[in-house]
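Analysis of the macromolecular model
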Amino acid sequence: PKPRPVTPTDTILPHTNIGDLSKNIWIVTTGAIPWMTGTSVNPLLRAAYLSTGRKESGGSITIVLPWVERTEDQKKIYGGEERRFERKEDQE
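The structure reproduced in this document is the subject of the present report. (Residues numbered from 1 in each chain as written. Predicted model: local features only at pLDDT ≥ 70, side-chain atom pairs only at ≥ 80, totals over all residues. Heavy atoms only, no water.)

Further remarks concern the pattern of salt bridges. All chains considered together, the criterion is met by 4 salt bridges. Here Arg70 ties to Glu72 by a salt bridge, and the two come within 3.6 Å at their closest N and O atoms. A relative accessible area of 44% means that Glu72 is categorised as partly exposed. The salt bridge partner of Asp73 is Arg70, with a shortest N-O separation of 2.8 Å. Given a relative accessible area of 18%, Asp73 falls into the buried group. Exposure remark for Arg70: the relative accessible area of 49% places this residue in the partly exposed category. One continuous salt-bridge network, built from bridges that share partners, spans Arg70, Glu72 and Asp73. (Salt bridge = Lys/Arg side-chain N within 4 Å of Asp/Glu carboxyl O. Buried < 20%, exposed > 50% of the residue type's maximum accessible area, 1.4 Å probe, protein only.)

Structure below.
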């Protein structure tokens, strides 16, 4: 079944209200910069938008990025050596 559109009389459940700046939000994505695709750019822009005013209110935004383990796969995805990461911490 297709969900119905939200109406002005719908109640937002407190635990689902991402407008509450005190909430901690995790954004999990399958793509990340330096990929220049919607899959990588959209989560980054979403995280930036949702972070506005959140730190001052006690909340946070965490964006979870993929880790590509094999060197040859990193080269295929990211390009040359200058965009390759030796360790997960280097990518952060």
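This part takes up the environment of Ser57. Position of Ser57 among the secondary structure elements: in the loop between α1 (38-51) and β2 (60-64). In the structure, Ser57 is positioned 36 residues away from Leu21 in sequence and 5.7 Å away in space, judged by C-alpha atoms. (Helix = DSSP H or I, 4+ residues; strand = E, 2+ residues; numbered from the N terminus.)

Moving on to the pairing of strand β1 (residues 24-28). Covered by surrounding structure in β1 are Ile25 and Ile27 only, the residues Asn24, Trp26 and Val28 on the alternate face being uncovered. Sheet topology places β1 next to β2; 5 bridges connect them, and they run parallel. Across the sheet, residue Ile25 finds its bridge partner in β2, namely Ile61. (Pairing = 2+ DSSP bridges.)

This part covers α1. With 14 residues, α1 ought to run about 20 Å at 1.5 Å a step, and its terminal C-alpha atoms sit 19 Å apart, in line with that. Here α1 has its buried residues at Ser40, Pro43, Ala47 and Leu50. One face of α1 carries all of its buried residues, which in axial projection span an arc of 115°. What points out from α1, more than 90 degrees from its buried face, is the exposed set Leu45 and Tyr49. (Expected span 1.5 Å × (residues − 1). Arc of directions from axis to C-beta.)

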